[in-house]
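Read off the chains here:
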Amino acid sequence: MTVFAIVLLPLLAAVLCWIPAVGKRAAAPVTFVSSAGLLALTIHVTARVVVLGKVVALANWVEVDSFGALILLLVSSVGVLACIYSLGYMPKMTHDSSILHHYYGNFNLFIFSMVLVPVVVSPSIEWLAVEFTTLLSVLLVGFESNSEALEAAWKYAVLTLTGAAIALFGFLLLFWAMQKGGGGSYTWAGLAAVAAKMPPVVLKTAFLMILVGFGAKVGLVPLHTWLPDAHSQAPTPICALLSGVETTAVLYVILRLMPIVRPALGGAIERWALIFGLLSVGVAAFLLIQVHDYKRLFAYSTVEHMGIILTAAGFGGAAAHYGAMYQILAHAATKSFCFFAAGAVLLLTGERDIASIRGLMQRSRVAGSALLVGALAIAGAPPFVVFLGEFLILRAGLSEGRYVAVGLLAVFLVVAFFGILLHVNRMVFSRVAGEARVLTEPEPPTGEEIEGEERLGSPPWISVSLTPVERPTGTASAHLAEALEAMPSPTASQVVRAEGHSSGPGASEAHPASLEASSASSSPSSVRTRTDGLSAPPVVADPKFPSGFAGGLPWPCVLTLLLAAIPVVVFGVYVPHPLYELLSRAAAVIGG
Amino acid sequence: MAGESFLYQFNALTGGLFLLCTFGMVATRQVQGCMRFFILQSLFLAASAFLLGIHPVLWGLLAVAAINVVNKPILVPWLLRRTIPEEIHTRREISQVLNIPAALLLALAIAVGAYFLTLPWVNLAGTSAAGVNIPIGLAALLLGAFTLTVRREAVPQLLGLLAMENGAFFTSIAIAPELHLLVELIVAFDVLIAVFVIGVLTRAIHKQIGTTQVGALAALREESSR
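As the structure is a prediction and not an experimental result, all values here were calculated from the model.

Participant: Just checking my understanding: could you explain the overall build of chain B for this structure?
Facilitator: Secondary structure summary: chain B contains nine helices and zero strands in total. Secondary structure elements of chain B occur, N-terminal to C-terminal, as α-α-α-α-α-α-α-α-α. Within the span of chain B, comprising 226 residues, buried residues form 55% of the whole. Carbon and sulfur atoms form 68% of the exposed surface of chain B, whose accessible area is close to 9,500 Å².

Participant: Quick question: what am I supposed to make of the overall build of chain A here?
Facilitator: A count of helical and extended segments in chain A gives 26 helices and two strands. In chain A, which comprises 592 residues, the proportion classed as buried is 64%. If you take every contact in chain A between residues at least 6 apart in sequence, the share linking residues at least 24 apart comes to 79%. Carbon and sulfur atoms make up 67% of the accessible area of chain A, which totals about 19,100 Å².

Participant: I'm lost on the interface of chain A and chain B in this one. Help?
Facilitator: It is common to give the size of an interface as the accessible area that goes away when the parts come together. With 48 residues of chain A at the interface, the matching set in chain B holds 51 residues. For the pair chain A and chain B, the summed buried area comes to about 4,300 Å², and 78% of that belongs to carbon and sulfur atoms. The largest share of the area that chain A buries against chain B comes from A:Trp154, A:Phe169 and A:Trp176, three residues that together contribute 18% of it. Seen at the junction of chain A and chain B, the total is two residue pairs in polar contact (both at pLDDT 80 or more). Listing elements by their share of the side of chain A that touches chain B, those giving two or more residues are α5 (123-141), α6 (147-181), α8 (200-218), α9 (226-233) and α12 (294-315) of chain A. Per element, the largest residue contribution to the side of chain A that touches chain B is 22 residues, and it comes from α6(A).

Participant: What exactly am I supposed to notice about the packing of α9(A) against α12(A) here?
Facilitator: The description of two packed helices rests on the angle between their axes and on the distance between the axes. Residues and elements named next belong to chain A. At a minimum axis distance of 8 Å, the contact between α9 and α12 shows a crossing angle of 130 degrees. Put simply, α9 runs oblique to α12. Seen from above, α9 lies across α12 with right-handed handedness. Taking contact as the criterion, the partners of Leu227, Pro228, Asp229, His231 and Ser232 in α9 are, on α12, Lys295, Arg296, Ala299, Tyr300, Thr302 and Val303. Residues of the contact of α9 with α12, tallied by class, amount to five nonpolar, three polar and three charged.

Participant: Which parts of the structure should I look at to understand the pattern of salt bridges?
Facilitator: Residue and element names in this part refer to chain A. Across all of its chains, the model carries nine salt bridges over all chains by this definition. A salt bridge links Lys217 to Glu246; the nearest nitrogen and oxygen atoms lie 2.5 Å apart. Taken together, the residues Lys217 in helix α8 and Glu246 in helix α10 (residues 236-265) connect sequence positions 29 residues apart. The two residues Lys217 and Glu246 agree in class, both being buried. Note that Arg296 and Asp229 form a salt bridge whose closest N and O atoms lie 2.9 Å from each other. Taken together, the residues Arg296 in helix α12 and Asp229 in helix α9 connect sequence positions 67 residues apart. Each member of the pair, Arg296 as well as Asp229, is classed as buried. One salt-bridge network, in which partners are shared between bridges, spans Glu151, Lys155, Asp229 and Arg296.

Participant: Is there a simple way to explain the nonpolar core in this structure?
Facilitator: When a protein is soluble and globular, its nonpolar side chains tend to lie buried together. One finds A:Phe67, A:Phe214, A:Leu241, A:Leu255 and A:Leu553 to be the most contacted residues of the largest nonpolar core, which totals 283 residues. If sequence neighbours within four positions are ignored, A:Leu241 has contacts with A:Val78, A:Gly79, A:Ala82, A:Phe107, A:Phe110, A:Ile111, A:Met114 and A:Glu246.

Participant: What is the right way to look at the packing of aromatic side chains in this model?
Facilitator: To describe a pair of aromatic rings, you give the distance between the ring centres and the angle between the ring planes. Applying the stated criterion across every chain yields a total of 21 aromatic pairs over all chains. On the basis of an interplanar angle of 80 degrees and a centroid distance of 5.2 Å, the ring pair of A:Tyr103 and A:Tyr104 is categorised as edge-to-face. Accessibility classification places A:Tyr103 together with A:Tyr104 in one group, the buried group. Arranged with centres 5.1 Å apart and planes meeting at 85 degrees, the rings of B:Phe6 and B:Phe10 form a pair that is edge-to-face. Placement of the pair is B:Phe6 and B:Phe10 together in helix α1 (residues 2-27), with a separation of four residues, close to one helical turn. B:Phe10 gets classed as partly exposed once you look at its relative accessible area, which sits at 39%.

Participant: How should I be thinking about the environment of B:Thr83 in this particular structure?
Facilitator: All names here are of chain B. When you line up the elements, Thr83 lands in helix α3 (residues 59-83). Taking the C-alpha atoms as reference points, Thr83 and Val197, separated by 114 residues in sequence, lie 9.1 Å from one another. One polar contact links the side chain of Thr83 to the main-chain carbonyl oxygen of Leu79, over a distance of 2.9 Å.

Participant: What is the right way to read helix α8 (residues 154-175) of chain B from this model?
Facilitator: Residue pairs three or four apart in sequence face the same way in an α-helix, which turns once every 3.6 residues. Between its first and last C-alpha, α8(B) extends 33 Å over 22 residues, near the 32 Å set by a 1.5 Å rise per residue. Of all 22 residues in α8(B), 22 are buried, a share of seventy percent or more.

Participant: How should I be thinking about the confidence of the model for chain B in this particular structure?
Facilitator: Predicted coordinates in regions of low pLDDT should not be interpreted in detail. Mean pLDDT over chain B: 87, with 92% of residues reaching 70 or higher. Mean pLDDT values for the elements of chain B range from 59 in helix α4 (residues 87-90) of chain B up to 94 in helix α5 (residues 100-117) of chain B.

Participant: Would you mind showing me how to read the packing of helix α16 (residues 385-399) of chain A against helix α17 (residues 403-429) of chain A here?
Facilitator: All names here are of chain A. Direction vectors running N to C along α16 and α17 enclose 155 degrees, while the axes themselves pass 8 Å from each other. Between α16 and α17, the crossing angle belongs to the class labelled roughly antiparallel. Both α16 and α17 take part in a crossing whose hand is left-handed. Contacts from Glu390, Ile393, Leu394, Gly397 and Leu398 in α16 reach Tyr403, Val406, Leu409, Ala410 and Leu413 in α17. Tallied by class, the residues present in the contact of α16 with α17 amount to eight nonpolar, one polar and one charged.

Cut-offs used in this document
- Each chain carries its own residue numbering, running from 1 in the direction its sequence is written.
- Each chain gets a letter, beginning with A, and each ligand a number, beginning with 1, in the order they are written.
- In keeping with the model being predicted, local features are shown solely for residues with a pLDDT of at least 70 and side-chain atom pairs are shown and tallied solely at 80 or more, while totals for entire chains, interfaces and linings include all residues.
- The side-chain numbers reported here are obtained from all heavy atoms of the structure, hydrogens and water having been left aside.
- Strands are runs of DSSP state E lasting at least two residues, helices are runs of H or I lasting at least four, and both sets are numbered from the N terminus onward.
- Each residue is assigned to one of three classes by its accessible area relative to the maximum for its type, calculated with a 1.4 Å probe on protein chains only: buried under 20%, partly exposed between the two thresholds, exposed over 50%.
- A 1.4 Å probe and the Shrake-Rupley method give the accessible areas. Residues count as covered only by the protein chains that appear here.
- Here, residues are in contact when the closest pair of their heavy atoms is within 4.5 Å.
- Joining two parts hides part of their accessible area as seen by a 1.4 Å probe, and the buried area is that hidden amount summed over both.
- Polar contacts, as counted here, are pairs of nitrogen or oxygen atoms within 3.5 Å of one another; within protein the pair requires one atom able to donate a hydrogen and one able to accept it, and residues that are adjacent in sequence qualify only if both atoms are side-chain atoms.
- Working convention: axes come from line fits to C-alpha atoms, limited for helices to the stretch in contact. Angles between N-to-C directions cover 0 to 180 degrees.
- Orientation is classified from the angle alone, with under 35 degrees giving roughly parallel, over 145 giving roughly antiparallel, 65 to 115 giving roughly perpendicular, and any other angle giving oblique.
- We call a crossing left-handed when the near helix sits turned anticlockwise from the far one by less than a right angle, and right-handed when that turn is clockwise.
- Each residue gets one of three labels, nonpolar for Ala, Val, Leu, Ile, Met, Phe, Trp, Tyr, Cys and Pro, charged for Asp, Glu, Lys and Arg, and polar for the others, Gly among them.
- A pairing counts as a salt bridge when a side-chain nitrogen of Lys or Arg comes within 4 Å of a carboxyl oxygen of Asp or Glu.
- Buried Ala, Val, Leu, Ile, Met, Phe, Trp, Tyr and Cys residues form a nonpolar core when they are joined through side-chain atoms within 4.5 Å.
- Between the rings of Phe, Tyr and Trp (Trp by its six-membered ring), a pair exists once the centres lie within 6.5 Å; its type follows the angle of the planes, with under 30 degrees stacked, over 60 edge-to-face, and the other angles tilted.
- Here the expected length of a helix is defined as 1.5 Å per residue gap, with one fewer gap than residues.
- pLDDT expresses, on a scale from 0 to 100, how confident the predictor is about each individual residue.

Dropping the structure here:
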C-alpha cells in the first residue's frame with residue numbers, strides 16, 4: 001500500500017500544481033509537502049525492505065527489493081533537497097514568475113517518473129518508466145526558454161528517445177529469448193528463473209541493444225554528447241536531479257540485467273561493462289580539463305562516475321558489486337551537492353564561465369567553501385564519501401586480478417581529480433580580473449607561489465596578485481588548496497598529508513593574520529601590515545558581489561547546502577549498519 | 001495449409017511495402033510527404049499484425065492492428081496539428097545533411113546489413129513470417145535512426161523516432177505475439193506523450209529562433225564563443 005502511495009503522491013502533487021487556482025498560489029508548498037511526504041514514505045518502505053528483504057505491493061508488477069529501495073531512497077532524498085533549493089533559487093532566476101507553477105508541476109511529474117523506475121518489476125513497464133523520465137523532464141531542461149536551453153532540451157529529447165527506441169527493440173528481443181527459454185512471467189525474477197536456458201545469440205544482441213540504448217540515457221560514451229548540454233542548461237535544482245539520480249536510475253536497469261544475461265553469456269557481459277565503463281571514465285576525464293562552463297564540468301564528471309560504476313560492475317565479484325552500490329550512493333549525494341554549490345555560484349555571479357569567476361571565497365564563504373568541498377568530494381579526495389567508494393572499487397578490482405583495468409581506472413581518476421580542481425581552485429581562490437588590473441606595477445611575488453600558479457597556467461597578472469598575504473586563508477579548506485598548489489604532483493593521499501602539514505607550525509604563524517586580512521579585505525592597510533616588502537594591491541569592492549558570509553544567497557539555498565553536505569561528509573567516515581545491510585543486499589541483487 | 005501460405009505471402013508483400021515506406025521517409029523532400037509515408041508505414045504495420053493474427057486467431061495481434069490504425073495515422077497527426085503551428089506543414093524543402101541520392105545509398109547499405117545481421121535469429125525463429133519481419137523490422141529501426149541524423153528539421157526527426165518504434169514492433173509481432181496487450185497500450189500511450197512533448201518543445205523553439213530547423217541549434221559546445 002505504501003508503495004502505491006509513493007507512486008501516487010507526486011502524481012497528485014503534479015495535478016494540484018497544474019490546477020491554476022491551486023497552482024498559482026500554492027505550487028511551492030504543495031511540492032514541498034509532497035516531497036517531504038515522499039521521503040518519509042520511502043524511509044518507511046526502505047526500513048521494511050531491510051527487515052523483510054522485499055516489499056510486494058502487487059505481485060509481478062510492483063515490488064521493491066533492496067536495490068530498488070536504494071534508488072528510491074536516493075531519488076526522494078535528492079528530491080526533497082532539490083525542492084527546498086527551488087524555493088530559494090527559482091524565484092530569483094526565472095524571468096517570468098507567473099509560470100512558476102508549471103515548473104513545480106513538471107518537477108513533481110519528473111519525480112513521479114523516477115520513483116516509478118525502481119518499483120516496477122516488469123521490464124516492459126520499466127522501459128516505459130525510463131521513457132517517462134525523459135519525456136517528463138524535457139520541458140524542465142528547456143524551462144528557461146532561451147535558445148541554449150531549448151537546444152539542450154532538443155538534443156536531450158532526440159538522443160535519449162532514439163536510445164530508448166533501440167532499447168525497446170532490445171526488450172522485445174529479451175521477451176522473445178525468454179519465450180524460447182521456457183516462458184514464464186516477464187519480470188526480473190521470471191527472467192532470472194530461465195536465465196540459463198535463453199538462446200545466447202538473441203540474448204547477446206538484446207543486452208547490447210539495451211546497454212547502448214539506455215547507455216545513451218545514462219551518458220555513456222560515445223552517446224554522451226547531450227548530457228553536458230542538458231545537465232548544464234537546466235535550472236540548477238533540476239541539474240541536481242538529472243545528474244544525481246536520473247542517470248543512476250537508468251543505470252539501475254542496465255545493472256539489473258547483468259545477472260539475467262550472465263548465466264548464458266558468461267564473461268562477455270563483464271567485458272562489455274568494462275569496455276563501456278572505462279571508455280566513459282577516460283573520455284570524460286580528459287574532456288573535464290577543457291571545459292569553460294563550471295556546470296558542464298560537473299556534468300562531465302557525471303559521465304565519469306557512471307563509467308566508474310559500470311566498471312565496478314564489470315570487475316565482478318561481491319566486493320566490486322558492493323563498491324558499485326556504494327559509489328551509486330556516493331555519487332548521488334555528492335553530485336547533487338556539487339550542483340547546489342554551482343547553482344549558488346550562478347545565483348551570486350550570474351556567470352556560467354569559469355574564466356569570469358575569481359576569488360569566490362572572498363565574496364561568499366558559503367558558496368566558496370561549498371564549491372571547494374563539492375569539487376574535492378566529487379574528485380575523490382578523502383575523507384569524503386566518493387573516496388571510499390572509489391577505494392573500494394579499486395581494491396575489489398585488484399583482488400579480482402583485473403590489473404590493467406584497475407591501472408587505467410586509477411590513471412583516469414587522477415586525471416579527473418586534477419581536471420576538476422584545476423578549474424574550481426581558480427574560481428575559489430584567484431583574484432577577480434578587474435582587481436588585478438588595479439596594479440600599476442607588477443612586483444615579483446615569492447618564488448614558490450609563482451611557480452605554483454604558473455604550473456596551473458594562469459596569466460601572469462593573476463600570479464602577481466596571488467601573494468600569500470591576500471589570499472583568504474581563513475578556512476581549513478583554503479589550506480588544503482594552498483597545499484595542492486604547492487605540491488609538485490599530489491595524489492589523494494598526499495593531499496591529506498599536506499593538509500596536516502600546512503595546519504602545523506608553518507601555517508599557524510600565517511593563520512591569524514590572514515584570517516584578519518580576509519575578514520577585513522576591504523581595508524588595504526590591514527593587509528599591508530602583513531607584507532614582507534611586498535605591496536599588496538588595493539582591494540576594490542565589486543558592486544556585483546555583496547561580500548560576506550553568505551554573500552546574499554537566499555536562505556533555502558544555504559539550508560540545502562548544509563543538509564546536502566551531511567551525507568557527503570558522514571558516509572565517508574561512517575556507514576550506519578542498516579545502510580550497510582541495504583547496500584550489501586543490493587550488491588547481491590546484481591551479483592545474481 | 002494453402003490459406004496460411006497465402007497469408008504469409010501477403011505478409012511478405014506488406015513487409016516489402018513497409019520497407020519501401022521507410023525508404024520513402026529518407027527520400028522525400030517535404031515535411032508533408034514524410035508524414036504521409038509515416039502514416040502508410042504505420043498502416044502496413046497494422047496490416048502485417050492483422051495478417052499474422054487472423055489465422056489462427058490471435059487476439060493480441062488483432063488488437064495491435066487496431067491500436068496502430070487508430071494511434072499513428074489518426075491521433076499522431078491530429079496532435080501534431082494541435083501543438084505545432086500550421087506553417088511547418090506547408091513548408092517545402094527539408095534541409096538535409098546529406099543529399100538525397102547519397103542518403104538513399106547509405107540507407108540501402110543499412111537495409112542489406114540488417115538482413116545479414118538478423119540471419120541467425122531468423123534461423124532460430126524458423127517461421128516464414130519471422131524471415132520477413134525480423135530483418136525488415138531491424139532495417140526500419142536503423143533507418144529511423146538514420147533519418148534522425150540526416151534531417152535538420154524538427155518534424156522529420158520526430159517521425160524518424162516514431163519509425164524506429166514501428167520497426168521494433170514490426171519485428172515483435174512475428175517473434176513475440178504473446179506479448180502482453182498492456183505493453184502495446186502503454187507504448188501507444190507513450191508515443192502520444194512523446195509527440196505532445198516534442199510538439200510543445202518545437203513550438204517553443206519556433207517561438208524563440210523563428211524556425212524549426214533544429215540543425216541550426218549548435219551553440220553548445222566546448223569551444224567557447226567568448
